[in-house]
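Examination of the molecular architecture
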Amino acid sequence: MAIDEKALQQVIDKDAIRELVLLYSRAIDRQDIDLLKDLYTEDATDTHGDSFDGSAEDYCKFIAGSFPYMPYSGHHICNHLIAVDGDEASGEVYALAYHLIPTREGGQEEDFMAVRYIDNYRRCADGKWRFSKRVVTYDFKVRRPFDGGGTLGQGDKDPSYSVCTQRLFQRGARA
């Protein structure tokens, strides 16, 4: 049986793009701005619903400014449909996004959203796939008071850094 090289390359590319999307979640949830910056092309744009619309560079600055006020976020990827065409691709990612944010009264509230990331991806000169355009829809949003707990805001003390010692799990841009 002959191997279909084009089909094999599509599988490899789709897997690399899925990892890109998972790394985005990790960058946001572990508050790793250097990793986040590495996930976008230099000319990328990001439109996050009614929260942000502009260059990826400015989006990274916007997110970095929100980190001190967000002791927890969890971005959980669900469905991910990808179409690859050479060095460009598109995708639609369904996700559940949880955030713990401050209230005006000094408390905390849970911010839960069902979102879709509508993405364009590009393979860059270094061979890595990156976001060239990201549009986020907030399909469902709920805010409610938070009176819970957990391992919120661990930062560098998160056990994933010591238990998962491979480079993929360490802070910073991809190797």
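Analysis parameters
- Residues numbered from 1 in each chain as written.
- Predicted model: local features only at pLDDT ≥ 70, side-chain atom pairs only at ≥ 80, totals over all residues.
- Heavy atoms only, no water.
- Helix = DSSP H or I, 4+ residues; strand = E, 2+ residues; numbered from the N terminus.
- Buried < 20%, exposed > 50% of the residue type's maximum accessible area, 1.4 Å probe, protein only.
- Contact = heavy atoms within 4.5 Å.
- Salt bridge = Lys/Arg side-chain N within 4 Å of Asp/Glu carboxyl O.
- Pairing = 2+ DSSP bridges.
- Axes fitted to C-alpha atoms, helices over the stretch in contact; angles between N-to-C directions.
- UniProt positions renumbered as here; feature names shortened; annotations may be inferred.
- Core = buried A, V, L, I, M, F, W, Y, C linked by side-chain atoms within 4.5 Å.

The protein chain goes by Aromatic-ring-hydroxylating dioxygenase in an unreviewed UniProt entry, where it is assigned to Novosphingobium malaysiense.

**Re the overall build of the protein chain**
Assigned secondary structure in the protein chain consists of four helices and six strands. Starting at the N terminus and walking to the C terminus, you meet the elements of the protein chain as α-α-β-β-α-β-β-β-β-α. The dimensions of the protein chain, computed from C-alpha atoms along their principal axes, are 65 × 35 × 30 Å. Counting the 175 residues in the protein chain, one finds 39% classified as buried. Long-range contacts, defined here as pairs at least 24 residues apart, represent 58% of the contacts in the protein chain between residues at least 6 apart.

**What to know about the pattern of salt bridges**
Enumeration over the complete set of coordinates arrives at 15 salt bridges. One salt bridge connects Arg116 with Glu92, and the closest N-O pair in it is separated by 2.8 Å. Of the two residues, Arg116 is situated in strand 5 (residues 108-123) and Glu92 in strand 4 (residues 88-102); the sequence distance between them amounts to 24 residues. A salt bridge links Arg134 to Asp119, with the nearest nitrogen and oxygen atoms 2.7 Å apart. With a gap of 15 residues between them, Arg134 in strand 6 (residues 129-145) and Asp119 in strand 5 connect regions that are remote in the sequence. Of the residues examined, Arg134 reaches a relative accessible area of 1% and is grouped as buried.

**Comments concerning the pairing of strand 3 (residues 72-85)**
Where strand 3 meets strand 4, twelve bridges bridge the pair, whose relative direction is antiparallel. Directly across from His75, in strand 4, lies its bridge partner Ala97. In this antiparallel pair of consecutive strands, strand 3 and strand 4, the connection spans two residues, and Gly86 shows a positive phi of 70°.

**What about the sheet that holds strand 6?**
Reading across from one edge, 2-1-6-5-4-3 is the order of the six strands in this open sheet, with mixed pairing throughout. Here the strands that pair on one side only, and so sit at the sheet edges, are strand 2 (52-55) and strand 3. Taken over all neighbouring pairs, the strand axes of this sheet differ in orientation by 15° on average, direction set aside. Where helix 1 (residues 5-29) meets the sheet, it contacts strand 1 (40-48), strand 3, strand 4, strand 5 and strand 6, and its direction lies at approximately 160° from that of strand 3.

**Section: the UniProt feature "domain: SnoaL-like" (unreviewed entry) in the protein chain**
The positions that UniProt labels "domain: SnoaL-like" (unreviewed entry) are, in the present scheme, residues 10-134. Split by type, residues 10-134 is 30% helix and 51% strand. Its first and last C-alpha atoms lie 21 Å apart.

**Description of the nonpolar core**
Tyr24, Leu36, Leu39, Tyr40, Tyr59, Tyr121 and Phe131 are the most contacted members of the largest nonpolar core, which has 33 residues in total. At the level of elements, helix 1, helix 2 (33-38), strand 1, helix 3 (56-66), strand 3, strand 4, strand 5 and strand 6 are the ones that each hand at least two residues to this core. The element best represented in this core is helix 1, accounting for seven residues.

**Observations regarding unusual backbone geometry**
The phi angle at Gln31 is positive, at roughly 55°, despite the residue not being glycine. Relative to the assigned elements, Gln31 resides in the loop between helix 1 and helix 2. According to the relative accessible area criterion, Gln31 is partly exposed, its value standing at 29%.

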